[in-house]
Number of protein chains: 2
Amino acid sequence: MGDVTIGLLHPGEMGAAVGQCLAGAGHRVLWVPEGRSAATAARAEAAGLTAVDSLAALAQQAEVIVSVCPPHAAVDVARQVAGFAGLYVDANAISPATAREVAAIVEAGGAAYVDGGIIGSPPVGPGHTRLYLSGTRAPEVGRLFEGTNLEARLVDRDPAAGAASAVKMAYASWTKGSAALLLAARALARAEGVEDVLVAEWAMSQPGLADRSARAAGSAAAKGWRWVAEMEEIAATMAAAGLPDGFHLAAAEIYRRSRHSCGPGLEEVLAALECHAQDRSVEG
Amino acid sequence: MGDVTIGLLHPGEMGAAVGQCLAGAGHRVLWVPEGRSAATAARAEAAGLTAVDSLAALAQQAEVIVSVCPPHAAVDVARQVAGFAGLYVDANAISPATAREVAAIVEAGGAAYVDGGIIGSPPVGPGHTRLYLSGTRAPEVGRLFEGTNLEARLVDRDPAAGAASAVKMAYASWTKGSAALLLAARALARAEGVEDVLVAEWAMSQPGLADRSARAAGSAAAKGWRWVAEMEEIAATMAAAGLPDGFHLAAAEIYRRSRHSCGPGLEEVLAALECHAQDRSVEG
């Protein structure tokens, strides 16, 4: 391996780290600077990516396209390279149904679809990140990452597209869903004027939970805006499986409110959850 | 102390253990066998409780009434002793709004209201259970439990009734809400055919979560039916505070389905969650 031309859409924090893995393995990794920020350009350069002029040029030169983008953008990104006839890997946090929508779009344009889902932090070091892959040509994609910080794992049971996305949805349904629930629990105690009592009870019978809620607040303030659509994708996945979608619609609301936080601290995030609630009660 | 006549409504698993604490402290603890099961009678006898003929007799003899019952029954239990003129303690898992409803009922009958909330397992041993109490006369109630397995903790900030109930709601919003969310996450992976992949990923990056999901299933099968109303009380508490109620409406649905489990095992509970989902899709 190490001689494949790969188009990366797009080098955000996660995407750039994925691109760096591929570039480090000797592949030529293309990206399109047009319309992207200076921060993105700096990340792409640091990751060893090669700029090309347009999505059309990228689609023409690449043998493989890897989509790593916010979940709400996954379908549009697929449409933007319509006509690409190589191997299209969607590695986004989307529902199996959205994955099948992306598959239909790229297959209609002549590409082969491989479903993916990334679990863990951006793969800038070894052992922290897995790329789940499903679909007939998943093994080819897995080989592109051999020896890199991103461990490819094949999910070999997928008649329709979507098994790798399902793994991601089920995994994040707990990690990000429980973080939102924990923030809601603490916000509730605060709204009722008993936060200190709750925290003292936690210290006795739920050790670690107070710290965990503070970490959840920091993550929500920094990244919650990206998780709103992911929670909505999980809610849709739950509903499609006949399970309650309420956990993750509520989690989406928590992360939506977290965007209004004035800072990464627990106080600031809880204030944003409460303040936005007050806005709503005035409206409603 | 040790010389107070207390009416207990009713000696279920938690109630009997609370009654045993009070009887062990030397109080006379009354209960009403009429219409209760043989199992309840056996529990009451083992706890050292004294049977009386009717709720009217209990209300007449008792100086204090302690209500420990399923949350959906809390308001009815208060109505059943209307006219009681002593100290009424509601120790149930109800929202602050429901607590205020109970307070209004008993106060209209001439009683004083103390709000309570129990956190922990039935207090059959020391150090595992707290009774949170709020309201003007909460200290009197706390003294009844001095030296017992049930540690009374005063929540001293309650202009209206409900602070102790709020502590219970916020605490259980995490413990029982997160257990339901974890079951939903695993049920989702199973429905999508990737449960083994999720469990393998958990083993690497979320150690202990697979065991925790199995314990959650056992609890849901055994006690989930009692938690449906508690989850609905928490959802109402969230909504009243302007926070999303979806987490706990979804948790109520998970526990509602858990009742249909054929046994306490993880397999049986997940099958019940899935089977009931299929019922719903046929209906809808």
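Fair warning: this is a prediction, and the values are worked out from it, not measured in the lab.

Novice: What should I look at first to understand the overall build of chain A in this one?
Specialist: Counting its secondary structure elements, chain A contains eleven helices and eight strands. Along the first, second and third principal axes, the C-alpha atoms of chain A reach 60 × 40 × 40 Å. Counting across all 284 residues of chain A, residues that qualify as buried make up 57%. Put simply, of all contacts in chain A between residues at least 6 apart along the chain, 59% involve residues at least 24 apart. Summing over all exposed atoms, chain A offers an accessible surface of approximately 10,900 Å²; the carbon and sulfur share of this is 51%. For chain A, the distance from the average position of its 22 positive side-chain charges to the average position of its 31 negative side-chain charges is 2 Å.

Novice: I tried to follow the environment of A:Pro126 on my own but got confused; where do I start?
Specialist: Residue position: A:Pro126 is located in the loop between β6 (112-120) and β7 (129-134). In this structure, the C-alpha to C-alpha distance between A:Pro126 and A:Glu151, residues 25 residues apart in sequence, is 8.5 Å.

Novice: Before we go on, may I ask you to explain the sheet that holds strand β5 (residues 87-90) of chain A in this structure?
Specialist: Here eight strands make up an open sheet; going across it, the order is β3-β2-β1-β4-β5-β6-β7-β8 (chain A) and the pairing mixed. Here the strands that pair on one side only, and so sit at the sheet edges, are β3 (50-51) and β8 (150-154) of chain A. As defined by bridge partners, strand β1 (residues 5-9) of chain A adjoins strand β4 (residues 64-67) of chain A across four bridges and the pair is classed as parallel. The partner of A:Leu8 across the bridge, within β4(A), is A:Val66. Along the sheet, helix α8 (residues 195-205) of chain B contacts β6, β7 and β8 of chain A; its crossing angle with β7(A), the most-contacted strand, is approximately 170°.

Novice: When you look at the side chain of B:Thr98 in this model, what are you seeing that I'm missing?
Specialist: Within the secondary structure, B:Thr98 is located in helix α5 (residues 96-108). If near-sequence neighbours (up to four positions away) are discounted, B:Thr98 is found in contact with B:Val75 and B:Glu233.

Novice: Where do I start with the packing of helix α7 (residues 163-191) of chain A against helix α7 (residues 163-191) of chain B in this structure?
Specialist: Two numbers describe a pair of packed helices, the interaxial angle and the distance between the axes. Contact geometry of α7(A) with α7(B) gives a least axis separation of 9 Å together with a crossing angle of 170°. Classified by the interaxial angle, the pair formed by α7(A) and α7(B) is roughly antiparallel. In contact with A:Met169, A:Ala170, A:Ser173, A:Trp174, A:Gly177, A:Ser178, A:Leu181, A:Leu182, A:Ala185, A:Leu188 and A:Ala189 of α7(A), α7(B) contributes B:Met169, B:Ala170, B:Ser173, B:Trp174, B:Gly177, B:Ser178, B:Leu181, B:Leu182, B:Ala185, B:Leu188 and B:Ala189. In terms of residue class, the contact of α7(A) with α7(B) is built from 16 nonpolar, six polar and no charged.

Novice: Would you explain the relation of the copies chain A and chain B in this entry?
Specialist: One chain copy maps onto the other through a rotation about an axis and a shift parallel to that axis. Expressed as a screw transformation, the operator carrying chain A onto chain B has a rotation angle of 180° and an axial translation of 0.0 Å, and the superposed copies differ by an RMSD of 0.0 Å. Read as a symmetry element, the transformation amounts to a two-fold axis. Taken together, the interface assignments show that 100% of the residues at the interface of chain A recur at the interface of chain B, consistent with an identical surface on both copies.

Novice: Just to check I follow, could you spell out the interface of chain A and chain B for this structure?
Specialist: The figure often quoted for interface size is the accessible area lost as the parts come together. Contacts between the two partners involve 57 residues from chain A and, on the opposite side, 58 residues from chain B. Across the chain A/chain B interface, buried area totals approximately 4,700 Å², and carbon plus sulfur atoms make up 72% of it. When residues of chain A are sorted by the area they lose upon contact with chain B, A:Trp174, A:Leu181 and A:Phe247 head the list and together hold 17% of the total. At the junction of chain A with chain B, the criterion picks out four salt bridges.

Novice: Sorry, what's going on with helix α10 (residues 246-258) of chain A here?
Specialist: Owing to its 3.6 residues per turn, the α-helix aligns residues three or four sequence positions apart on the same side. All names here are of chain A. A rise of 1.5 Å per residue sets the reference length of α10, with its 13 residues, at 18 Å; its end C-alpha atoms lie 18 Å apart and thus fit the reference within 8%. Burial runs high along α10: eleven of the 13 residues are buried. Taken together, the buried positions of α10 are Gly246, Phe247, His248, Ala250, Ala251, Ala252, Glu253, Ile254, Tyr255, Arg257 and Ser258.

Novice: Could you clarify how one ought to interpret the sheet that holds strand β8 (residues 150-154) of chain B in this entry?
Specialist: Across a sheet, strands are paired by hydrogen bonds formed along the backbone, either parallel or antiparallel in direction. Reading across the sheet, the eight strands line up as β3-β2-β1-β4-β5-β6-β7-β8 (chain B) and stay open at both edges, with mixed pairing between neighbours. Single-partner strands in this sheet number two, and they are β3 (50-51) and β8 of chain B. Contacting β6 (112-120), β7 (129-134) and β8 of chain B, helix α8 (residues 195-205) of chain A runs over the sheet at an angle of about 170° to β7(B).

Novice: What should I look at first to understand the nonpolar core in this one?
Specialist: For soluble globular proteins, the rule of thumb is that nonpolar side chains tend to be buried together. Counting residues in each nonpolar core, the largest one holds 96 residues, and the members touching the most others are A:Phe247, A:Tyr255 and B:Phe247. Discounting residues that sit within four places of it in the chain, A:Tyr255 has contacts with A:Lys176, A:Ala179, A:Ala180, A:Ala220, A:Gly224, A:Trp225, A:Trp227, A:Val228 and A:Met231. In this structure, B:Val64, B:Leu87, B:Val89 and B:Val114 belong to the second largest nonpolar core, which totals 29 residues.

Novice: What should I look at first to understand the pairing of strand β4 (residues 64-67) of chain B in this one?
Specialist: Residues and elements named next belong to chain B. Side chains of β4 alternate between two faces, with Val64 and Val66 and Ile65 and Ser67 buried alike. Pairing of β4 with strand β5 (residues 87-90), which is carried by four bridges, proceeds in the parallel orientation. The residue bridging Val64 from the neighbouring strand is Leu87, located in β5. Since β4 and β5 lie parallel, the crossover through helix α4 (residues 74-80) that links them has a hand, and here it is right-handed.

Rules used in this analysis
- Residues numbered from 1 in each chain as written.
- Chains lettered and ligands numbered in written order.
- Predicted model: local features only at pLDDT ≥ 70, side-chain atom pairs only at ≥ 80, totals over all residues.
- Heavy atoms only, no water.
- Helix = DSSP H or I, 4+ residues; strand = E, 2+ residues; numbered from the N terminus.
- Buried < 20%, exposed > 50% of the residue type's maximum accessible area, 1.4 Å probe, protein only.
- Contact = heavy atoms within 4.5 Å.
- Areas by Shrake-Rupley, 256 points an atom, 1.4 Å probe, with all protein chains shown as cover.
- Lys, Arg positive; Asp, Glu negative; His and termini not counted.
- Charge placed at Lys NZ, Arg CZ, Asp CG, Glu CD.
- Pairing = 2+ DSSP bridges.
- Axes fitted to C-alpha atoms, helices over the stretch in contact; angles between N-to-C directions.
- Parallel < 35°, antiparallel > 145°, perpendicular 65-115°, else oblique.
- Nonpolar A, V, L, I, M, F, W, Y, C, P; charged D, E, K, R; others polar.
- Least-squares fit on C-alpha atoms with pLDDT ≥ 70 in both.
- Buried area = accessible area lost by both parts, 1.4 Å probe.
- Salt bridge = Lys/Arg side-chain N within 4 Å of Asp/Glu carboxyl O.
- Expected span 1.5 Å × (residues − 1).
- Core = buried A, V, L, I, M, F, W, Y, C linked by side-chain atoms within 4.5 Å.
- Right-handed = clockwise from strand over helix to strand, strands pointing away.

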